[in-house]
Amino acid sequence: MGLLVNGEWKDQWYDTESTGGHFQRQDAKLRNWVTRDGSAGPTGETGFKAEAGRYHLYVCNACPWAHRTLIFRALKGLEEVISVSAVHWRMRENGWEFHPEPSDPHAQPATEDHLHGYSFLHQLYTHSLPDYSGRVTVPLLWDRKQDRPVSNESSEIIRMLNSAFDDLATNELPDMYPEELREEIDAVNEDIYHNINNGVYKTGFATTQNAYEEAFDQLFAALERTEKRLEQNRYLLGNRLTEADWRLFTTLIRFDPVYVGHFKCNNKRIQDYPSLWGYTRELYQMPHVARTVHHYHIKAHYYGSHDTINPTLVIPKGPEIDFDLPHGRG
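Residues numbered from 1 in each chain as written. Predicted model: local features only at pLDDT ≥ 70, side-chain atom pairs only at ≥ 80, totals over all residues. Heavy atoms only, no water.

Asks: Could you clarify how one ought to interpret the overall build of the protein in this entry?
Replies: Counting its regular elements, the protein contains nine helices and nine strands. At 19 Å, the protein has a C-alpha radius of gyration in line with the 20 Å of a compact globule built from 330 residues. In the protein, buried positions account for 54% of the 330 residues. In the protein, 71% of the contacts between residues at least 6 apart in sequence involve partners at least 24 apart. Of the roughly 14,300 Å² of accessible surface on the protein, a fraction of 46% belongs to carbon and sulfur atoms. Between the averaged position of the 34 positive side-chain charges in the protein and that of its 47 negative side-chain charges there is a distance of 1 Å. (Helix = DSSP H or I, 4+ residues; strand = E, 2+ residues; numbered from the N terminus. Rg over C-alpha atoms; globule rule 2.2 N^0.38 Å. Buried < 20%, exposed > 50% of the residue type's maximum accessible area, 1.4 Å probe, protein only. Contact = heavy atoms within 4.5 Å. Areas by Shrake-Rupley, 256 points an atom, 1.4 Å probe, with all protein chains shown as cover. Lys, Arg positive; Asp, Glu negative; His and termini not counted. Charge placed at Lys NZ, Arg CZ, Asp CG, Glu CD.)

Laid out in structure tokens, this is it:
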């Protein structure tokens, strides 16, 4: 995972020496908005009008942040409205690469860069921003018309997909961020983001024992809180499915195959939490969701990319997990 410094690519891992061994994620820098009529975003950001065929989404099928956007695209029926390019699961000295391997059935979802034919994702960042500085991440939402990026903040992209493209969507879906629940959704998101979504990374990328144990304890305390919430509620906010559920899901689906072993999040598996485990299966089994989950890419990316954690880059064969078992969440 490298970064750009004034437009120049640097193969540089996260600096944990200056933070006492703690992993600190940088905030996304590209924060414009697609809106239904092209008006400004919620806090005055530059607005882009929602139009069929205008936007392209760059993702990695292994990445939980990118996975959120693929789920919303699928749930809303926007596959014919917003096109996609998928980088390869392997991330090495050049960062995310476009490297399709059609001879390998596991790698079939990885594609070329359909818009510009670039080899590396960082080339897209400097395509219209030659002096860009920052991490080169997915997802990246691209405007074909202006040939420039719109946003690389997944939490905001899913809100654009939730409402801006309603006139173009083929599936009717309840609002995932309804006005009357926004305050509660935001509060749930805050806990889950810091302690679970990013908590697994803070645990796995910690480079001192104290930093690791602090993140570990916060992660499993949050999972216990969430388990108790789901003992009383079908979804995080009662019987109403919201964006908070999908933001949590992309971490849960990766937890047992990857985070337990690779990130040393081994206090419990998700399968050891009755409510979380049934909830994960229910969301997985919802229409259109399972086809957004690429199990091999998920496992291969983490074990095959982070040689600071897994120097051999050997990818484990297991575990076998049946996400199609009856979920019992009725």
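That shown, we press on.
Asks: Teacher, can you tell me more about empty space enclosed by the protein here?
Replies: If a probe the size of a water molecule is rolled over the atoms, the empty space left behind becomes visible. With the rule as written, the count across this model stands at one cavity of 30 Å³ or more. In this model, the largest cavity occupies a volume close to 30 Å³. Every element with two or more residues in the lining of the largest cavity is listed here: helix 7 (243-259) and helix 8 (274-284). Tallying contributions element by element places helix 7 first for the lining of the largest cavity, with four residues. The class makeup of the residues in the lining of the largest cavity is seven nonpolar, two polar and one charged. (1 Å grid on protein atoms, 1.4 Å probe; cavity = no way out; pocket = protein on both sides within 12 Å on 5 of 7 lines; lining within 4 Å. Points joined across faces, edges and corners; volume = space filled by probe spheres on them. Nonpolar A, V, L, I, M, F, W, Y, C, P; charged D, E, K, R; others polar.)

Asks: Before we go on, may I ask you to explain the sheet that holds strand 1 (residues 3-5) in this structure?
Replies: Hydrogen bonds along the backbone pair up the strands of a sheet, which may run parallel or antiparallel. Across the sheet, which stays open at both edges, the three strands sit in the order 2-1-7 with antiparallel pairing between neighbours. Edge positions in the sheet fall to strand 2 (8-10) and strand 7 (134-135), since each has one partner strand and no second. Where strand 1 lies against strand 2, three bridges are found, and the strand directions are antiparallel. Opposite Val-5, over in strand 2, you have Glu-8 as the bridge partner. (Pairing = 2+ DSSP bridges.)

Asks: What's the story with the state of the cysteines in this structure? I'm lost.
Replies: In the structure shown here, the tally under the stated rule is zero disulfides. Between Cys-60, a cysteine without a disulfide, and Cys-63, which holds the nearest cysteine sulfur, the sulfur-to-sulfur distance is 6.3 Å. Classification of Cys-60 by relative accessible area gives buried; the value is 0%. When its relative accessible area of 7% is taken as the criterion, Cys-63 is described as buried. (Disulfide = S-S within 2.5 Å.)

Asks: Would you mind showing me how to read helix 4 (residues 182-197) here?
Replies: In an α-helix there are 3.6 residues to a turn, and that puts residues three or four apart on one side. Under the 1.5 Å per step criterion, the end-to-end length of helix 4 is only 19 Å for 16 residues, more than 12% shorter than the ideal 22 Å. Where helix 4 is concerned, the buried positions are Ile-185, Val-188, Asn-189, Ile-192, Asn-195, Ile-196 and Asn-197. Among the structural elements, helix 1 (64-76), helix 3 (154-163), helix 5 (199-204), helix 6 (209-232) and helix 7 are those in contact with the buried residues of helix 4. (Expected span 1.5 Å × (residues − 1).)

Asks: Please explain the pairing of strand 9 (residues 148-151) as it appears in this structure.
Replies: In summary, the side chains of a regular strand alternate between the two faces of the sheet. Bridge count between strand 8 (residues 140-143) and strand 9: three bridges; the pairing is antiparallel. Considered in strand 9, the bridge of Asp-143 is made with Arg-148. Turn length for the strand 8-strand 9 hairpin, with the two strands adjacent in sequence and antiparallel, is four residues, and the turn residue Asp-147 shows positive phi of about 50°.

Asks: Quick question: what am I supposed to make of the pairing of strand 5 (residues 55-60) here?
Replies: The element strand 5 is largely enclosed, with a buried count of six among its six residues. Covered by surrounding structure in strand 5 are Tyr-55, Leu-57 and Val-59 together with His-56, Tyr-58 and Cys-60, the residues of both alternating faces. Inspection of the sheet shows strand 5 paired to strand 6 (residues 82-87) by six bridges, in the parallel sense. In the sheet register, Val-59 faces strand 6, and the bridge partner there is Ala-86. Bridging between strand 5 and strand 8 involves four bridges; their strand directions are antiparallel. Bridge pairing in strand 8 places Tyr-58 opposite Leu-140.

Asks: Explain the environment of Phe-98 to me, please; I cannot follow it from the model alone.
Replies: If you trace the backbone, Phe-98 turns up in the loop between strand 6 and helix 2 (121-127). Under the relative-accessibility criterion, Phe-98 is labelled buried at 9%. Along the chain, Phe-98 and Ala-290 lie 192 residues apart, while their C-alpha atoms are 24 Å from each other. In this view, Phe-98 contacts Tyr-58, Ser-85, Ala-86, Val-87, Thr-111, Glu-112, Asp-113, Tyr-118, Ser-119, Phe-120, Leu-121 and Leu-124; residues no more than four positions away in its chain are not counted.

Asks: Please clarify how the nonpolar core should be interpreted in this entry.
Replies: Buried together is how nonpolar side chains tend to be arranged in soluble globular proteins. Core analysis: the biggest nonpolar cluster contains 96 residues, and Val-34, Phe-165, Leu-223, Trp-246 and Phe-255 have the highest contact counts within it. Per-element tally for this core: the top contributor is helix 7, with nine residues. For Leu-223, the residues in contact, after removing those within four places along its chain, are Ile-196, Leu-252, Phe-255, Ile-270, Tyr-273 and Leu-276. (Core = buried A, V, L, I, M, F, W, Y, C linked by side-chain atoms within 4.5 Å.)

Asks: Where do I start with the environment of Ser-163 in this structure?
Replies: Relative to the helices and strands, Ser-163 is located in helix 3. Given a relative accessible area of 34%, Ser-163 falls into the partly exposed group. As for Ser-163 and Arg-92, which are separated by 71 residues in sequence, their C-alpha atoms are 36 Å apart.

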